Every structure is written in structure tokens, then in C-alpha cells.
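Overview (structure and organization)
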Amino acid sequence: MFKTIESEVLKQRISNELRTEFLQHDFERLHSFSMLVLYVSICMWFLLDLIVSFQAGQGFSYISVLYLAVFAALAALAALTRKARHFYVINLLFVITFGLGARMVIEGLPNSLRPAWLVIAASTVLYSATAMPLSRPAFFSVLAVTWVLLNPLLGDVPDFDERRSLLVCYPLFISALSVYIFHHLHNAKLYNYAMARLLLDQAYLDALTGIPNRRSFMTRVTRRLNEDTSTERYLAMVDIDHFKRVNDAYGHDIGDEVLTRVAQKIESELGEFEIARLGGEEFGIFLWGMTAEEAQVRMERLRSATAALPGKPAVTISLGLAHLTVDSTLSQMLIKADRALYDSKHNGRNRVTYAP
Ligand SMILES: Nc1nc2c(ncn2[C@@H]2O[C@H](COP(=O)(O)OP(=O)(O)OP(=O)(O)O)[C@@H](O)[C@H]2O)c(=O)[nH]1
């Protein structure tokens, strides 16, 4: 089953909307890891700066303090940001500052050591970037900026003819390796995300009507019950009248069409609330933020709109609407709404019964 779904996902083209959603999700999950990378980078730079500055007898300069201040400001911004696309900009600014800072520190080393240290610094930045939650453009910007600022062939390069080919080949190798790792990691995470979404949709959506199923309804309503006690809340049970007759007279397929039509009507009338197909020909609606009169008007509107639905066979619905008291649980509310629904059925169907 897993393999079937996996191959289904791999065949699909992933929409831009889902990609954006994945990037935000990836950023949120790896936010603390990204912060760790930034903090460790600052510490490493600080340590190297201290060693190089004191070995060269310069002491700790005001420029180092300035760099530390910019690092701290960017790290604070990165810690505060909640949007992936803002993080990409902050991360790039951090890489620019780090590149300039690293170059400054490396300039303090003997000429013969500089190219190797520039390559080490650039490789470290790129290696970290492969694991960071970045979009493709954000990753390639980091790659470009890193080699512009930490290019071992730029600046005051000593004689290293015999090493020149190595200083060209090794950065090329590191770049290709980073691109390869980033690409594969990125795609693996993206497809895992798409697969998790597909499986979740299948677990929480009703396969026939496409609206949320009972499991989803119970989870969401329980969360809402715990979250918000400040507004008036109601639970409605909706049941199609004489649905067995529809199946018997027109067949199961037409019965399925009727179920879908009613579900779509509930969604178009009350989609801003929690709605679900609870099972069979029964639906649930959880409403909030209105008076009891308004809730009854909304139910009445749904009832008449369903009765007026075009297409054959015409069906009606019965509804039981229960008002939620502060201390009531979801199962108590379901029982209360079910009793009100039973009264609607008992009193002739195609009506709304309100249980205060
Ligand atoms: N087509 C179809 N029928 C279903 C589905 N799930 C349940 N049913 C049918 O829904 C019918 C429910 O019938 P009953 O519970 O007797 O209720 P009813 O005929 O609607 O009568 P009242 O509720 O008393 O108005 C049964 O015939 C079930 O087979 C489904 O997914 N598709």
C-alpha cells in the first residue's frame, strides 16, 4: 500500500502551492537547527578571529566588535522570523557578513595559508547550507555569494602554480557535491511531505463526498471545545430523510450522488464552520459566534436550500440543533443533537428541532 501511494506521488507534478507550503513547513521544523548553525558559525568565527588577531599582535579590533554586532542582529532577526521567505533573505545577509568576516580574518594569516583557509571556510558554509531549510533560489544565492567572497583565487594570492589546478578543482568538486546533496535532500523531503499530505487527506476526508470525515470532525471539534469558551456554540446533526427509499428506488450509485450533492450544499452554506459526513447519510456541523436564533435561521436555510436542490431524486433533510453549555463534552453534545434530530424525524421530517 505504502509503495503504491509512493509511486502515485512520485508520478504527480507537485503544485507550486504545495511547494510553498512545504518550504514553510520545512523552515518551521528546522528553525531551531538553523539557529544552532548560525550560533556555531558566530562562535567559530569569533574564535578564529581571536586566535589570528592575537597571534598577529593586533589585539581585538573595533571592526571585530562591529562584525559581532551585525552577526548578533541578524541572528536575533532569524530567531524572530516566522516566515520562510524572510529567513532566506536574513540567511543570505548572514552568509555575506560571514564571508566578509572570514575573509578579513584569513587576510591576517600568512600568504601561503590563505587559499587553503578560504576553501575550508567556503566548504563549511556550503556544507551547512545543504542541510538548511532553503528554497532552490535561496541555496544557489548562498553558493554564488560564498564563492564570490571566499574565492581562493582572488586577492593577494601568492605563487602557487602547482596548486592552481587544485584550487580550481576542489571548489568545483565541493560545489557539485553541495548541489547534489541539496537537490536530493530537498526532493526527498518534498516528496515525503507530499505523501504525508496525501495520506492525511485520505485519513481525514470522506472518500465519497470529499468533505471532512468523522475522525476529522471529532479531532477538530474537541480542539475547538478546549480552545474557545467565550462564544456561543452549537452542534447540529443532519440526516437525509427516507434515504433507504432513494437507494431502493434508484440504486446505490444515484444514492451516492445524492449524498455528494447534500454534502456540497452543506459545504456551500456552512463551509466556514466545522462540517463532516459522520457516516451513512448523517452529517455533523459545529457552529459558533452567533445567537440561538441566528443558528436556527442558518439551519432552516440549509434545510430549505437542500429541499430546493435541482436534480433527481429530490430529497429533504431533518436537523437536530443543540446549544452547547459551558461544561458539556462532545459526546454529551452528540447525544443531545441526536435526540433533537430524532424529534425532527418523529414529528414528520424535513424540519429543524432546537435543543437549548
Ligand atoms: N448509496 C449509499 N447509501 C448508503 C451509504 N451509507 C449508508 N447508506 C444507506 O443509507 C440508508 C439509511 O437508511 P435508514 O437508516 O433506514 O434511514 P432512512 O431510510 O434515511 O430513513 P430515516 O432516516 O428514518 O428518514 C441505508 O439504506 C444504507 O444502506 C452510502 O455510502 N451510499
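Basis of the calculations
Residues numbered from 1 in each chain as written. Predicted model: local features only at pLDDT ≥ 70, side-chain atom pairs only at ≥ 80, totals over all residues. Heavy atoms only, no water. UniProt positions renumbered as here; feature names shortened; annotations may be inferred. Helix = DSSP H or I, 4+ residues; strand = E, 2+ residues; numbered from the N terminus. Rg over C-alpha atoms; globule rule 2.2 N^0.38 Å. Contact = heavy atoms within 4.5 Å. Areas by Shrake-Rupley, 256 points an atom, 1.4 Å probe, with all protein chains shown as cover. Lys, Arg positive; Asp, Glu negative; His and termini not counted. Charge placed at Lys NZ, Arg CZ, Asp CG, Glu CD. 1 Å grid on protein atoms, 1.4 Å probe; cavity = no way out; pocket = protein on both sides within 12 Å on 5 of 7 lines; lining within 4 Å. Points joined across faces, edges and corners; volume = space filled by probe spheres on them. Phe/Tyr/Trp six-rings, centres within 6.5 Å; stacked < 30°, edge-to-face > 60°. Buried < 20%, exposed > 50% of the residue type's maximum accessible area, 1.4 Å probe, protein only. Lys NZ or Arg CZ within 6 Å of the ring centre and 35° of its normal. Near = heavy atom within 4 Å. Polar contact = N/O pair within 3.5 Å; in protein donor to acceptor, adjacent residues only side chain to side chain. Nonpolar A, V, L, I, M, F, W, Y, C, P; charged D, E, K, R; others polar.

An unreviewed UniProt entry lists the protein chain under the name diguanylate cyclase, with Pseudomonas triclosanedens given as the organism. Here is the UniProt Catalytic activity (unreviewed entry) comment for the protein chain, exactly as written: "2 GTP = 3',3'-c-di-GMP + 2 diphosphate".

Secondary structure summary: the protein chain contains 13 helices and five strands in total. In terms of overall dimensions, the protein chain is more spread out than a globule: its C-alpha atoms have a radius of gyration of 31 Å, far above the 21 Å expected for 356 residues. Expressed along its principal axes, the backbone C-alpha trace of the protein chain runs to roughly 100 × 45 × 30 Å. Long-range contacts, defined as pairs at least 24 residues apart, comprise 73% of the intrachain contacts of the protein chain with a sequence gap of at least 6. Total accessible area computed for the protein chain in this model is approximately 19000 Å², and 61% of it derives from carbon and sulfur atoms. The positive charge centre, built from 35 side chains, and the negative charge centre, built from 35, are 2 Å apart in the protein chain.

The subject of this paragraph is empty space enclosed by the protein. Counted under the stated rule, the structure contains two cavities of 30 Å³ or more. In this structure, the second largest cavity occupies an estimated 40 Å³ of space. Along its surface, the second largest cavity is lined by Asp26, Thr130, Met132, Leu134, Phe182, Leu185, His186 and Lys189. For the lining of the second largest cavity, the element with the highest residue contribution is helix α8 (residues 161-204), accounting for four residues.

Once that is clear, we can look at the packing of aromatic side chains. Evaluation of the coordinates by the stated rule reveals 13 aromatic pairs. Judged by centre distance (5.0 Å) and plane angle (85°), the rings of Phe273 and Trp288 are edge-to-face. Remark: Trp288 occurs in strand β3 (residues 282-288) and Phe273 occurs in the loop between α11 (252-270) and β2 (274-279); sequence separation between them is 15 residues. Take Phe273 and Trp288: they sit in the same class, and that class is buried. The ring of Tyr204 carries the charged tip of Arg215 above its face, separated from the ring centre by 5.8 Å.

Now for the site of the ligand. Neighbouring the ligand are 16 residues, the closest being His242, Phe243, Lys244, Asp256 and Arg277. Between an oxygen atom of the ligand and a main-chain N or O atom of His242, the distance comes to 2.8 Å. For the ligand, whose free accessible area comes to 670 Å², the fraction covered by protein is 67%. Put simply, the parts of the chain that give the shell around the ligand at least two residues each are β1 (233-240), α10 (243-250) and α11. Here the shell around the ligand gets four residues from one element, more than from any other, and that element is α11. A class-by-class count of the residues in the shell around the ligand yields three nonpolar, five polar and eight charged.

What follows concerns the UniProt feature "transmembrane region" (unreviewed entry) in the protein chain. Those residues carrying the UniProt feature "transmembrane region" (unreviewed entry) are residues 33-54, 60-80, 87-106, 137-153 and 165-182 in this numbering. Counting secondary structure, residues 33-54 comes out at 100% helix and 0% strand; the distance between its end C-alpha atoms is 32 Å. In the segment residues 165-182, helix accounts for 100% and strand for 0%; the C-alpha atoms at its two ends are 26 Å apart.

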